[in-house]
Amino acid sequence: MTSLSTPPHDENKQEADELTTTQAAKILNISSSYLMKLINDDQIPYRQVGIHTKILLKDLLEYKKSRDANRKQGLQKLTDLSQELGFYDLERKRT
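Residues numbered from 1 in each chain as written. Predicted model: local features only at pLDDT ≥ 70, side-chain atom pairs only at ≥ 80, totals over all residues. Heavy atoms only, no water.

**Looking at the sheet that holds strand β3 (residues 52-56)**
Taken in spatial order, the three strands line up as β1-β3-β2 in an open sheet, and their pairing is antiparallel. Looking along the sheet, the strands with just one partner apiece sit at the ends: β1 (18-20) and β2 (47-49). For this sheet, the mean angle separating the axes of adjacent strands, direction not counted, is 45°. As defined by bridge partners, β1 adjoins β3 across three bridges and the pair is classed as antiparallel. Bridge pairing in β3 places Leu19 opposite Ile55. Packing of helix α2 (residues 21-28) onto the sheet brings it into contact with β1 and β3, and relative to β1 it is tilted by some 90°. (Pairing = 2+ DSSP bridges. Helix = DSSP H or I, 4+ residues; strand = E, 2+ residues; numbered from the N terminus. Axes fitted to C-alpha atoms, helices over the stretch in contact; angles between N-to-C directions. Contact = heavy atoms within 4.5 Å.)

And the structure:
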């Protein structure tokens, strides 16, 4: 009879995939205090290790991808609105 078991937990691998709040803030190019606001607002998953807050790299990269996509969409809306209002045409007429 075979027993099902989970593979041994590789704690070193998990630690390599985790970031401190300082590291995560640098990747996102935001302040640590703003990162903590995002964490407290449940926008970025985390875990507590004693008094330290740890963020999985994959979770941070998912948040960054979503944030960047939202920014790009917002910029496209602004561009479209500017074109509708003729702001691009005004620039060409001035030069």
